[in-house]
Amino acid sequence: METTTTTVRGLTFDVLVKETTHRDAVGVLFYLATITIRSRKTGVERIARRSRIPGTGKTIARDVQRMGVRVLDKLAA
């Protein structure tokens, strides 16, 4: 299993994107992306979204870096 963590730092919170992938010779057996919002002040983490669609974690991390808080409003709703 391979786990990749991407941290997008903000002024008041950080967005953590953890992608877990398990592969074999044929292809991907298991994929899970977990998007977590962590408060900088208190350190409290809240899961905003989970996805099993491969590549979702990278897409969301890119969108958060590009559009910022607007993307998180849609995720947390």
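Numbers given to residues run from 1 along each chain, matching the order in which its sequence is written. Predicted model: local features are reported for residues with pLDDT of at least 70 only, side-chain atom pairs are reported and counted for 80 or more only, and whole-chain, interface and lining totals are derived from all residues. To obtain the side-chain values, all non-hydrogen atoms of the structure were used and water was disregarded.

Asker: Describe helix α1 (residues 56-67), listing the residues and the values that go with them.
Answerer: When the terminal C-alpha atoms of α1 are compared, their 16 Å separation across 12 residues agrees well with the 16 Å that a helix rising 1.5 Å per residue should span. Helix and strand assignments come from DSSP, with helices taken as H or I runs of at least 4 residues and strands as E runs of at least 2, each series counted from the N terminus. The first or second residue beyond α1 is G68, which carries a positive phi of 70°. The span expected for a helix works out to 1.5 Å for each residue beyond the first.

Asker: Can you break down the layout of surface pockets residue by residue, with the values?
Answerer: Rolled over the atoms, a probe as big as a water molecule pinpoints where empty space is left. Lining residues are those with an atom within 4 Å of a point, where the points come from a 1 Å grid over the protein atoms alone and group into cavities, where a 1.4 Å probe fits but cannot get out, or pockets, open sets with protein on both sides within 12 Å along at least five of seven lines. Grid points are joined across faces, edges and corners, and a volume is the space filled by probe spheres set on the points. Estimates place the volume of the largest pocket at around 190 Å³. Along its surface, the largest pocket is lined by E2, T4, E19, T21, R23, V28, Y31, P54, G55 and K58. Looking at the lining of the largest pocket, the elements that each hand over two or more residues are β1 (2-9), β2 (13-23) and β3 (28-39). Considering each element in turn, the lining of the largest pocket owes the most residues, three residues, to β2. Under the scheme applied, nonpolar residues are Ala, Val, Leu, Ile, Met, Phe, Trp, Tyr, Cys and Pro; charged residues are Asp, Glu, Lys and Arg; polar residues are all the others, including Gly. Split into classes, the residues belonging to the lining of the largest pocket amount to three nonpolar, three polar and four charged.

Asker: Run through the environment of R52, naming residues and quoting values.
Answerer: As for its position among the elements, R52 is in the loop between β4 (45-51) and α1. Residue burial is assigned from relative accessible area. The probe radius is 1.4 Å, only protein chains are included, and a residue is buried under 20% of its type maximum, exposed over 50%, and partly exposed in between. Using a relative accessible area of 59% as the deciding quantity, one classes R52 as exposed. A C-alpha to C-alpha distance of 15 Å links R52 and E2, two positions 50 residues apart in sequence. What R52 contacts, discounting residues up to four positions off in sequence, is F30, Y31 and L32. By definition in these notes, contact holds between two residues if any of their heavy atoms fall within 4.5 Å.

Asker: I'd like a rundown of the nonpolar core, residues and numbers included.
Answerer: With 10 residues, the main nonpolar core is built from V8, V15, V17, I35, I37, A48, I60, A61, V64 and V71. Elements represented by at least two residues in this core include exactly β2, β3 and α1. With three residues, the single largest contributor to this core is α1. As used in this record, nonpolar core signifies buried Ala, Val, Leu, Ile, Met, Phe, Trp, Tyr and Cys residues forming a set joined through side-chain atoms within 4.5 Å.

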